[in-house]
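Reading the structure
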Amino acid sequence: MLVEYQLARPGSGLVRLAAKLDPLNAHPYLIDTLRAFVNRGHNRRQTAQDLHIHRNTLDYRLHRVTALTGLDLMVPAEARMLAAALTARDLA
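Described below are features of the structure shown in this document. (Residues numbered from 1 in each chain as written. Predicted model: local features only at pLDDT ≥ 70, side-chain atom pairs only at ≥ 80, totals over all residues. Heavy atoms only, no water.)

Okay, the side chain of Thr 33 next. Along the polypeptide, Thr 33 turns up in helix α3 (residues 28–39). Taking relative accessible area as the criterion, Thr 33 reaches 0% and is therefore assigned buried. For Thr 33, the side chain forms a polar contact with the main-chain oxygen of Tyr 29, separated by 2.7 Å. Among residues more than four places away in sequence, those in contact with Thr 33 are Thr 47, Leu 51, Leu 58, Arg 61 and Leu 62. (Helix = DSSP H or I, 4+ residues; strand = E, 2+ residues; numbered from the N terminus. Buried < 20%, exposed > 50% of the residue type's maximum accessible area, 1.4 Å probe, protein only. Polar contact = N/O pair within 3.5 Å; in protein donor to acceptor, adjacent residues only side chain to side chain. Contact = heavy atoms within 4.5 Å.)

All told, the structure shown has three salt bridges when counted by the stated rule. One salt bridge connects Asp 90 with Arg 35, and the closest N-O pair in it is separated by 2.9 Å. One end of the pair, Asp 90, is in helix α6 (residues 76–91); the other, Arg 35, is in helix α3, and 55 residues separate them in sequence. Residue class for Arg 35 comes out partly exposed when judged on its relative accessible area of 27%. One salt bridge in this structure joins Asp 59 and Arg 44, with 2.7 Å as the shortest N-O distance. One end of the pair, Asp 59, is in helix α5 (residues 55–69); the other, Arg 44, is in helix α4 (residues 44–51), and 15 residues separate them in sequence. (Salt bridge = Lys/Arg side-chain N within 4 Å of Asp/Glu carboxyl O.)

Let us look at the environment of Pro 10. Structurally, Pro 10 is set in the loop between α1 (2–8) and α2 (12–18). A sequence separation of 78 residues divides Pro 10 from Ala 88, and the C-alpha atoms of the two residues are 9.2 Å apart.

Let us now look at α3. In a regular helix each residue adds 1.5 Å, so 12 residues correspond to 16 Å; α3 covers 16 Å between its end C-alpha atoms and thus fits that length. Those residues of α3 not exposed but buried are Leu 30, Ile 31, Thr 33, Leu 34, Ala 36 and Phe 37. Buried-residue contacts for α3 involve α4, α5 and α6. Positive phi shows up at Gly 41, right after α3, with a value of about 65°. (Expected span 1.5 Å × (residues − 1).)

Where α4 begins, the capping side chain belongs to Asn 43, and its oxygen is found 3.1 Å from the backbone nitrogen of Arg 45. Following α4 by one or two positions, His 52 has its phi on the positive side, about 55°.

Here's what the structure looks like:
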């Protein structure tokens with residue numbers, strides 16, 4: 001509920017949520033990869049096809065997202081946080 005509340009209201013919470021992706025700023029392809037992964041419902045095969053990359057490359061990129069943000073895409077709550085951070089970033 002906290003994530004939905006923050007997305008619905010502008011303010012410092014929305015800014016802090018968007019900032020979760022700041023470690024990826026130097027790697028725009030990781031943001032694009034994360035966005036494609038979220039848009040495809042966390043389906044690795046379809047995401048790799050959309051990005052025209054090998055699935056191992058996708059796995060490497062997703063691992064980098066986890067390493068840089070500290071949020072693990074394999075943990076549902078953290079995956080939702082990253083998806084919300086993408087939305088917050090788009091709104092900011």
